Amino acid sequence: MPDSSQEAHKRWLRIARELATLDDVVEQLLSRHARTDDGLCACCTRPGRGTPMLPWPCSLYSLARTAQVLRDSRHGPGGPA
Ligand SMILES: [Zn+2]
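Quantities reported herein were computed from a predicted structural model and do not represent experimental measurements.

J.: What is the right way to read the overall build of the chain from this model?
T.: Looking only at helices and strands, the chain has 3 helices and 0 strands in total. Its helices and strands taken in sequence order, the chain reads α-α-α from the N to the C terminus. Looking at the 81 residues of the chain, the share that counts as buried comes to 14%. Look at the contacts in the chain between residues 6 or more apart in sequence, and 42% of them connect residues 24 or more apart.

J.: Just to check I follow, could you spell out the nonpolar core for this structure?
T.: Across soluble globular proteins, you tend to see nonpolar side chains buried next to one another. Counting residues in hydrophobic clusters, the biggest one holds 10 residues: Ala-16, Leu-19, Ala-20, Val-26, Leu-29, Cys-41, Cys-58, Tyr-61, Ala-64 and Ala-67. Mapped onto this core, the elements with two or more residues apiece are α1 (4–19), α2 (23–32) and α3 (59–74). Non-local contacts of Leu-19, meaning those with residues more than four positions away in its chain, are made with Val-25, Val-26, Leu-63, Ala-64 and Ala-67.

J.: It is not clear to me how the packing of α2 against α3 should be interpreted in this structure. Could you clarify?
T.: Helix packing geometry: the angle between the two helix axes and the distance between the axes. Contact pair α2 / α3: the axes reach a minimum separation of 9 Å and the direction vectors enclose 135°. Accordingly, the angle class assigned to the pair α2 and α3 is oblique. Pair α2 / α3 crosses with left-handed handedness. Counted together, Val-26, Leu-29 and Leu-30 of α2 and Leu-60, Tyr-61, Ala-64, Arg-65, Ala-67 and Gln-68 of α3 form the full contact between these two elements.

J.: Even after reading the chapter, I still don't get the confidence of the model for the chain, so can you show me in this structure?
T.: Segments scoring low in pLDDT should not have their predicted coordinates read at a detailed level. With 89% of its residues at a pLDDT of 70 or more, the chain shows a mean pLDDT of 91. By mean pLDDT, the top-scoring element of the chain is α2 (97), and the lowest-scoring one is α3 (94).

J.: Explain the environment of Arg-35 here, please?
T.: Its location among the elements puts Arg-35 in the loop between α2 and α3. Counting along the chain gives 21 residues from Arg-35 to Trp-56, while the straight-line C-alpha distance between them is 5.8 Å.

J.: How do you make sense of unusual backbone geometry when you look at a structure like this?
T.: Residues apart from glycine generally show negative phi values, whereas peptide bonds are mostly found in trans. Look at the link from Trp-56 to Pro-57: it is a cis peptide, with omega at 0°. Within the secondary structure, Pro-57 is located in the loop between α2 and α3.

J.: It is not clear to me how the packing of α1 against α3 should be interpreted in this structure. Could you clarify?
T.: Between α1 and α3, the least distance of the axes is 8 Å, while the angle of their chain directions is 65°. Handedness of the α1/α3 crossing: right-handed. Taken together, the residues of α3 that come into contact with α1 (itself represented by Ile-15, Ala-16, Arg-17 and Leu-19) are Leu-63, Ala-64, Thr-66, Ala-67 and Leu-70. Tallied by class, residues from the contact of α1 with α3 come to 7 nonpolar, 1 polar and 1 charged.

Definitions and limits used
- Numbering of residues begins from 1 in every chain and follows the order in which that chain's sequence is written.
- Local features in this predicted model are restricted to residues of pLDDT 70 or higher, and side-chain atom pairs are both shown and tallied only at a pLDDT of 80 or more, whereas totals for entire chains, interfaces and linings draw on every residue.
- The numbering of helices and of strands both runs from the N terminus, where a helix is a DSSP run of H or I of at least 4 residues and a strand a run of E of at least 2.
- Residues with at least 20 neighbouring C-beta atoms inside 10 Å of their own are called buried, those with 12 or fewer are called exposed, and the rest are partly exposed, where every C-beta is derived from the backbone.
- Here, residues touch in the contact sense if the C-beta positions derived from the backbone fall within 7 Å of one another.
- For this entry, the nonpolar core is defined as buried Ala, Val, Leu, Ile, Met, Phe, Trp, Tyr and Cys residues connected by C-beta atoms within 7 Å.
- Note on geometry: axes are lines fitted to C-alpha atoms, helical ones only across the stretch in contact, with angles between N-to-C directions running from 0 to 180 degrees.
- Note on angle classes: values under 35 degrees are labelled roughly parallel, values over 145 roughly antiparallel, values of 65 to 115 roughly perpendicular, and the remainder oblique.
- Working rule for handedness: look at the near helix, and if it is turned counterclockwise from the far one by less than a right angle, call the crossing left-handed; if clockwise, right-handed.
- Residue-level confidence of the predictor is summarised by pLDDT, bounded by 0 at the bottom and 100 at the top.
- The nonpolar class holds Ala, Val, Leu, Ile, Met, Phe, Trp, Tyr, Cys and Pro. Asp, Glu, Lys and Arg form the charged class, and all remaining residues, Gly among them, are polar.

Okay, structure coming up:
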């Protein structure tokens, strides 16, 4: 029986790897989904109201951050210039 949480994690990493090739998108997500003073995500807002509602880090921020780490690890020492 497949472990569904493991499957979800694999899917998550696949998306993050895909995202890691899109530098602009990663930067944009990280800067927009910033933490507010209340500890909420500034970009994940209530529809129609624009008030933050999700605790930070939201899933989009986490995904972009994972993509950034994956990308940076590829550009690490010893990698191609
Ligand atoms: Zn967010």
